[in-house]
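For reference, the chains in residue letters:
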Amino acid sequence: MTVAIYLPSQSNTDWWVTLMQGLLPDWDITSMASVTDPATVDYAVVWQPRTGDIAKFENLKAIVSVGAGIDHVLADPELPQGVPIIRTVGKDLTQRMQEYVALHVLRHHRDMPRQLQAQAEKDWHSIVVPVAPRRTVGVMGLGNLGAASARVLAQIGFSVRGWSKSPKSIDGVETFTGDSELDEFLDGCEILVNLLPLTPATRGILNAELFAKLPKDACVINCARGQHLVDDDLLAALESGHVKQATLDVFHQEPLPPSHTFWDHPAITVTPHISSRIDAETGGRLIAENLKIFDATGTCPDVADAARGY
């Protein structure tokens, strides 16, 4: 079997080629730049492929996303139809997201940004907040990562609600479904966590209209995709005081340009897309396992639903 790998950095691509060759010693692992006969390529392992990169492989059996999301693959207007797309997910990735969400929900719950400001000002400022059961946290998106994060928040003691496109049932979490129940979900959400997949329907969903439906002084955490957020609408909501604080892990342009307003905004915490960034060794092992299963059976548990976008 021949596997062609592409990441935006050639040095990263070469590193992945070496890693995957060690994990699949009987396979031919190469970078896309080194492919001489596209017809021989069976699998493409990619992150943010360029337009037309995948279409040249006429005999491709499957595409592997180096990550849980497949929006970066579907963004290619020349993507061949009908080729299965395999996501890279696993316990490590889920654990990392649970940790990130719990950390930043607790930060906002205990008003740590204000406490750190007080420390910088040498101000003995005692902040008293409600206990977790009296704080409502909403999770948008109840896939693997969203559902797991909602469970952890409920175990900590928060009053947790979740919203998704299709009906879900999660112990300890009040669930809402579809556009007709979105307003009810948002009403009373004091901390909002976005873990939605990026689809045409969810692009720009974190906007002025949505923020206005949250209670005053709500906090927003976006650890899904930067394209979910309308940047100017968040800045306006922070300026008006309706949204109190935000934590952002994903952005329209990554790395976030040094000149971007988010870096210096006193009410925004910026993290560099690390919420569930899986280490390469673990990711490589998961990809190798999925490729072997797919090659033997024609499918694997992590095949995405391209029509739905996740």
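Residues numbered from 1 in each chain as written. Predicted model: local features only at pLDDT ≥ 70, side-chain atom pairs only at ≥ 80, totals over all residues. Heavy atoms only, no water.

What to know about helix 9 (residues 280–297)
How we decide: A run of H or I in DSSP counts as a helix once it spans at least four residues, and a run of E counts as a strand once it spans at least two, with each numbered from the N terminus. How far a helix is expected to stretch is found by multiplying one less than its residue total by 1.5 Å. Buried means the residue's accessible area, taken with a 1.4 Å probe over protein chains only, is under 20% of the maximum for its type, while exposed means over 50%, and partly exposed covers the values in between. Here, residues are in contact when the closest pair of their heavy atoms is within 4.5 Å.
For helix 9, which comprises 18 residues, the first-to-last C-alpha distance of 25 Å matches the rise-based estimate of 26 Å (1.5 Å per residue) to within 8%. Of all the residues in helix 9, the buried ones are Thr282, Gly283, Gly284, Leu286, Ile287, Ala288, Asn290, Leu291 and Phe294. Residues of helix 9 that are buried make contact with strand 1 (2–6), helix 1 (10–23), strand 3 (43–46), strand 4 (62–65), strand 5 (85–86) and helix 3 (91–109). Taken from the residues just after helix 9, Gly298 is the one with a positive phi, measuring 85°.

Comments concerning helix 8 (residues 231–240)
Stated formally: Along the arc lie the directions from the helix axis toward the C-beta atoms.
Listing the buried residues of helix 8 in full gives Asp231, Leu234, Leu235, Ala237 and Leu238. One face of helix 8 carries all of its buried residues, which in axial projection span an arc of 160°. Residues of helix 8 that are exposed and point over 90 degrees away from its buried face: Asp232, Glu239 and Ser240. Tucked into the core, helix 8 has its buried residues touching helix 7 (208–213), strand 11 (243–248) and strand 12 (268–270). Gly241 sits one or two positions beyond helix 8 and adopts a positive phi of about 90°.

Some words on the pattern of salt bridges
Two side chains carrying opposite charge are able to pair once their charged atoms lie near each other. The condition that has to hold: By definition here, a salt bridge exists when the distance from a side-chain nitrogen of Lys or Arg to a carboxyl oxygen of Asp or Glu is within 4 Å.
Tallying each qualifying case throughout the model produces eleven salt bridges. The residue Asp279 makes a salt bridge to Arg96 at a minimum N-O spacing of 3.2 Å. Residue Asp279 is found in the loop between strand 12 and helix 9, and its partner Arg96 is found in helix 3; the two are separated by 183 residues along the sequence. Note on Arg96: relative accessible area 31%, which makes it partly exposed. Of the charged contacts in the structure, one is a salt bridge between Glu209 and Lys213, with a shortest N-O distance of 3.5 Å. Of this pair, Glu209 and Lys213 are both found in helix 7, four residues apart, which corresponds to roughly one turn of the helix. Overall, Glu209 belongs to the exposed group, its relative accessible area being 55%. Residues joined in a network through salt bridges with shared partners are Asp183, Glu209 and Lys213.

Considering the packing of helix 1 against helix 9
Axis angle and axis distance: for two packed helices, these are the angle between their axes and the distance between the axes, and together they describe the pair. Applied cut-off: Interaxial angle, 0 to 180 degrees, is taken between N-to-C directions of lines fitted to C-alpha atoms, where a helix line uses only the stretch in contact. Reported orientations rely on four angle classes, namely roughly parallel under 35 degrees, roughly antiparallel over 145, roughly perpendicular from 65 to 115, and oblique for the rest. In this scheme the handedness of a crossing depends on how the near helix is turned from the far one: anticlockwise by less than a right angle means left-handed, clockwise means right-handed. Put simply, Ala, Val, Leu, Ile, Met, Phe, Trp, Tyr, Cys and Pro go in the nonpolar bin, Asp, Glu, Lys and Arg in the charged bin, and everything else, Gly too, in the polar bin.
Contact geometry of helix 1 with helix 9 gives a least axis separation of 10 Å together with a crossing angle of 50°. When the axis of helix 1 is compared with that of helix 9, the two are oblique. Considering how the two elements wind past one another, helix 1 and helix 9 form a crossing that is right-handed. Facing helix 1, whose interface residues are Trp15, Trp16, Leu19, Met20 and Leu23, helix 9 presents Ala280, Glu281, Gly283, Gly284, Arg285, Ile287, Ala288 and Leu291. Broken down by class, the residue content of the contact of helix 1 with helix 9 amounts to nine nonpolar, two polar and two charged.

Describing the nonpolar core
The tendency in soluble globular proteins is for nonpolar side chains to be buried side by side. Threshold: Only buried residues count toward a nonpolar core, which is a set of Ala, Val, Leu, Ile, Met, Phe, Trp, Tyr and Cys residues joined through side-chain atoms within 4.5 Å.
By size, the foremost hydrophobic cluster in this structure holds 29 residues, and its most contacted members are Met140, Phe185, Leu210, Phe211, Leu214, Leu234 and Phe262. Secondary structure elements with two or more residues in this core: helix 6 (182–186), helix 7, strand 10 (218–222), helix 8 and strand 11. Broken down by element, the residue count for this core peaks at four residues, all from helix 8. If we skip the residues at most four places from it in the chain, Phe262 touches Leu229, Asp231, Leu234, Leu235, Leu248, Phe251, Leu256, Ile268 and Val270. In terms of nonpolar packing, the next biggest core, distinct from the first, is built from 25 residues, Leu93, Val101, Ile170 and Ile191 among them.

Side note on the sheet that holds strand 11
Inclusion rule: At least two DSSP bridges between two strands are needed for those strands to be called paired.
Spatial strand order, 8-7-6-9-10-11-12: seven strands in an open sheet with parallel pairing. Whereas interior strands pair on both sides, the edge strands pair on one side only; in this sheet they are strand 8 (173–177) and strand 12. Mean inter-strand twist for the sheet, computed between neighbouring axes without regard to direction, equals 15°. The pairing of strand 6 (residues 136–140) with strand 7 (residues 159–164) spans five bridges and is classified as parallel. Bridging from a neighbouring strand, Val139 pairs with Gly162 of strand 7. In the packing of helix 3 onto the sheet, contacts are made with strand 6, strand 9 (191–194), strand 10, strand 11 and strand 12, and the angle to strand 11 comes to roughly 155°. Sheet contacts for helix 5 (residues 144–156): strand 6, strand 7 and strand 8; angle to strand 6, the most-contacted strand, approximately 170°.

With respect to the state of the cysteines
Quick note on the threshold: We call a pair of cysteine sulfur atoms a disulfide when they lie within 2.5 Å.
Applying the stated rule across the entire model yields zero disulfides. Cysteine Cys223 shares no disulfide, and the gap to the nearest cysteine sulfur, in Cys219, comes to 14 Å. Cys223 sits in the buried class, given a relative accessible area of 5%.

A few points about the sheet that holds strand 2 (residues 28–31)
The parallel open sheet is built from five strands, whose spatial order is 2-1-3-4-5. At either end of the open sheet lies a strand with only one pairing partner, and these are strand 2 and strand 5. Pairing analysis gives four bridges linking strand 1 to strand 3, with the strands arranged parallel. Each residue of the ladder has a partner; that of Ala4, found in strand 3, is Ala44.

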